[in-house]
Amino acid sequence: MAKKDAKTVKNAPLIGIDIGGTGIKGGVVDLKKGKLLGERVRIPTPQPATPAAVAEVVAQVVQELATQAHAPDADSPVGVTFPGIIQHGMVLSAANVDKSWLNTDIDGMLTARLGRPVEVINDADAAGLAEARFGAGENVKGTVLVITLGTGIGSAFIFDGKLVPNAELGHLEIDGFDAETKASAVARERDGLSWEEYSVLLQRYFSHVEFLFSPELFIVGGGISKRSDEYLPRLKLRTPIVPAVLKNDAGIVGAAVEIALKHKLVK
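Everything quoted here is computed from the prediction, not taken from an experiment.

**Student:** Is there a simple way to think about helix α7 (residues 195-213) in this case?
**Tutor:** Residues spaced three or four apart along an α-helix point in a common direction, a consequence of the helix completing one turn every 3.6 residues. Between the first and last C-alpha of α7 there are 26 Å, a value that for 19 residues agrees with the 27 Å anticipated at 1.5 Å per step. Residues of α7 that are buried: Trp195, Tyr198, Ser199, Leu202, Tyr205, Phe206, Val209 and Glu210. Across the axial projection of α7, the buried residues extend over an arc of 135°, all falling on one side. Opposite the buried face of α7, by more than 90 degrees, sit the exposed residues Val200 and Phe211. Two residues or fewer after α7 comes Ser214, characterised by a positive phi angle close to 45°.

Here it is as structure tokens:
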């Protein structure tokens, strides 16, 4: 078999997988455009979401994606997101997932199960990386903070387009409380807050983060970003603040970008 042209390899699509609390979804990612090629595949997250059970579902998603027309080679690397702190391939936090994940070598486990290289990245970091490369943060120099409002508050710290991993800005203490317990999207629903009331809490949070980091741009993601017109115009900040662009595909795209960067398949 002829050796592949290096440029072709660098431009080849890769598979990204996004592990969530309710669903595990994946897609074949065009790394030049930051878009999915073909249909996204989603399978419900097993309950309980133990490492072995989740690994099986990830394998099912990859197997289904491998049948698509644009699927990469069977030995190509796969990028995966996980809702916890990931350091050197190890799971160091499990706030919203099964506690059996703590101290699991998730990179090694998924690499062994899939039979191909796998690297895992925090889910908010992946979304931030995707937004910085293809979305609202594209070509923005300096510090860009991507904040996801959902079950908790996720965050990604981007500097000059590069990710500074595991910035847990949702756990900043504000007024004696963990920020995400009061200002997440779930907290708004739980406490029955109007958009005006919720905006007061977001103002307190974003003003504090702005003071700490003086970013060039805030990008707000998560499902609640679809209703950004209800709260973003109410916020008074020095820093521009805009909704995320990639929406539900951000994690998948970011996972593929991260492993492509690690394997030097993109610049």
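**Student:** When you look at the sheet that holds strand β9 (residues 153-159) in this model, what are you seeing that I'm missing?
**Tutor:** Picture the strands of a sheet paired through backbone hydrogen bonds; they go either parallel or antiparallel. Reading across the sheet, the five strands line up as β10-β9-β8-β13-β14 and stay open at both edges, with mixed pairing between neighbours. Looking along the sheet, the strands with just one partner apiece sit at the ends: β10 (162-164) and β14 (241-243). Across this sheet, the average inter-strand angle for adjacent strands is 30°, counted without regard to direction. Where strand β13 (residues 217-221) lies against β14, three bridges are found, and the strand directions are parallel. Among the inter-strand pairings, Ile219 is bridged to a residue of β14, identified as Val242. Helix α4 (residues 123-134) contacts β8 (143-149), β9, β10 and β13 of the sheet and is inclined by roughly 45° relative to β9. Against the sheet, α7 engages β8, β9, β13 and β14, with an angle of about 150° to β8.

**Student:** Can you help me understand the packing of aromatic side chains in this one?
**Tutor:** The description of two aromatic rings rests on the distance between their centres and on the angle between their planes. Under the counting rule described, the total for this entry stands at seven aromatic pairs. Both rings, one in Trp195 and one in Tyr231, keep their centres 5.7 Å apart while their planes meet at 20°; by these two values the pair is stacked. Residue Trp195 is found in helix α7, and its partner Tyr231 is found in the loop between β13 and β14; the two are separated by 36 residues along the sequence. The buried category is assigned to Tyr231, whose relative accessible area is 0%.

**Student:** Is there a simple way to think about helix α8 (residues 250-262) in this case?
**Tutor:** In this model, α8 (13 residues) spans 18 Å end to end at C-alpha, consistent with the 18 Å of a helix rising 1.5 Å per residue. Most of α8 is tucked away, with eleven of its 13 residues classed as buried. What α8 keeps buried is the set Ala250, Gly251, Ile252, Val253, Gly254, Ala255, Ala256, Val257, Glu258, Ile259 and Ala260. The inward-facing, buried residues of α8 contact β1 (14-19), β2 (23-30), β3 (35-44), β4 (78-82), β7 (118-122) and α4. At the C-terminal side of α8, Lys264 shows a positive phi close to 55°.

**Student:** Would you mind going over the side chain of Thr104 with me for this structure?
**Tutor:** By the element assignment, Thr104 lies in the loop between β6 (90-91) and α3 (106-114). A distance of 3.3 Å separates a polar atom in the side chain of Thr104 from the backbone oxygen of Ser100. The residues touching Thr104, leaving out its near neighbours within four places in the chain, are Pro51, Gly89, Met90, Val91 and Met109.

Conventions and cut-offs
Residues numbered from 1 in each chain as written. Predicted model: local features only at pLDDT ≥ 70, side-chain atom pairs only at ≥ 80, totals over all residues. Heavy atoms only, no water. Helix = DSSP H or I, 4+ residues; strand = E, 2+ residues; numbered from the N terminus. Expected span 1.5 Å × (residues − 1). Buried < 20%, exposed > 50% of the residue type's maximum accessible area, 1.4 Å probe, protein only. Arc of directions from axis to C-beta. Pairing = 2+ DSSP bridges. Axes fitted to C-alpha atoms, helices over the stretch in contact; angles between N-to-C directions. Contact = heavy atoms within 4.5 Å. Phe/Tyr/Trp six-rings, centres within 6.5 Å; stacked < 30°, edge-to-face > 60°. Polar contact = N/O pair within 3.5 Å; in protein donor to acceptor, adjacent residues only side chain to side chain.

Everything listed here is a matter of geometry and, on its own, says nothing about what the molecule does.
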